[in-house]
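Residue-level structure breakdown
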Amino acid sequence: MLRVMTWNIRTGGRDRDGTDRRDRIAAVVADQRPDLLALQELRGLDSDGGLAGLAERVGMVPHLARSCFGQPVAVLVRPPLRVLRNGRLRRPFHHAAARVQVATASGPLTVFSTHLNPYSGGRRRMEADWLAVAVRRTGGDLALLAGDLNTLEPAADHTARLAGLDPRYRRRHLRRDGRTVDTRAVARLLDAGLVDLWPHTGGGEAAGLTVPTRHGGAEFAGMRLDYLLATPALAAKARTVRVVRGGDADSASDHYPVIADLALAPG
């Protein structure tokens, strides 16, 4: 069984007031022991050796994708998984998109870690299209898109949730008419054939909310913004999906981690 996890760790695990959350982040990762870890918001961790240090603490190997405009992302791999290829998607993402392919007994598995534009639904839709093409070009059946997509799920009614949100943040989730909820980025990925693993494994909406945590998040109102989207062949191997809550996860970031267990073995 392979365990995959996605987590937006908020500004590299450090706050503007100097609060350092990296020990809590490492504790959560060490406790959950993912084999593949998609991380977002790695500000500062790409320049001071912080990501390498964090990866070493949790027994993983990091593969970083730097960002031209926003914050880096990464995929961390736990040995004995064997990396076949890795790199950054060379598109002008607001943040970035990392791609790592590992060997499994069922064939190569490609994992993408990404963080879509937080401010513009149109840009998120464009970034989703780029990702759909990248998944299609993997040439294999096993692929997983993981990350903070900054997009509400298409299948739910978000009217009440958005009504209580500060207008500065509510507009991030609305179309230009100021009324229609913008779910286009996730919808485009689902239309491209990817499977949302949360409902696929029977998760309920309330338990699937990934923001905010007790650490804060004024821009959130009880939302599911973090996703694990799989190709159909990989979705068939998904056994459980859950949001990690409690303990250090409540204060290590403003996002909760999401974990999936997949019926795969290292190749």
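Scroll up for the structure.
We now turn to the structure provided with this report. (Residues numbered from 1 in each chain as written. Predicted model: local features only at pLDDT ≥ 70, side-chain atom pairs only at ≥ 80, totals over all residues. Heavy atoms only, no water.)

A few points about the sheet that holds strand 6 (residues 97-102)
Spatially, the 6 strands line up as an open sheet ordered 5-6-7-8-10-9, and their pairing is mixed. Across the chains shown, the open sheet's two edge strands, defined by having one partner strand only, are strand 5 (83-88) and strand 9 (195-196). In this sheet, strand 10 (residues 226-230) lies alongside strand 9 in antiparallel orientation, the contact comprising 2 bridges. Residue D196 lies in a different strand from strand 10, and its bridge partner there is L229. Against the sheet, helix 3 (residues 121-136) makes contact with strand 6, strand 7 (109-115) and strand 8 (142-148), and its axis sits at roughly 170 degrees relative to strand 7, the strand it touches most. Strand contacts of helix 6 (residues 184-191): strand 8, strand 9 and strand 10, with the helix running at about 15 degrees to strand 10, the strand carrying the most contacts. (Pairing = 2+ DSSP bridges. Helix = DSSP H or I, 4+ residues; strand = E, 2+ residues; numbered from the N terminus. Contact = heavy atoms within 4.5 Å. Axes fitted to C-alpha atoms, helices over the stretch in contact; angles between N-to-C directions.)

Some details on the side chain of D182
As for its position among the elements, D182 is in the loop between helix 5 (167-170) and helix 6. Only 2.8 Å separates the side chain of D182 from the side chain of R184, close enough to count as a polar contact. Those residues in contact with D182 that sit more than four places away from it in its chain are G121, G122, T151, H173, L174 and R175. (Polar contact = N/O pair within 3.5 Å; in protein donor to acceptor, adjacent residues only side chain to side chain.)

A short note on the pairing of strand 2 (residues 36-40)
Of all the 5 residues making up strand 2, 5 are buried; the element is thus mostly covered by neighbouring parts of the structure. The alternating pattern of strand 2 places L36, A38 and Q40 on one face and L37 and L39 on the opposite face, and all of these are buried. Relative to strand 2, strand 1 (residues 2-8) is paired through 5 bridges, and the arrangement is parallel. Pairing of N8 across the sheet is with Q40, part of strand 2. The parallel pair strand 1 and strand 2 is bridged by helix 1 (residues 22-32), and the resulting crossover is right-handed. Two elements, strand 2 and strand 4 (residues 73-77), share 5 bridges in a ladder whose sense is antiparallel. Residue pairing in the sheet places L36 in a bridge with V77 of strand 4. (Buried < 20%, exposed > 50% of the residue type's maximum accessible area, 1.4 Å probe, protein only. Right-handed = clockwise from strand over helix to strand, strands pointing away.)

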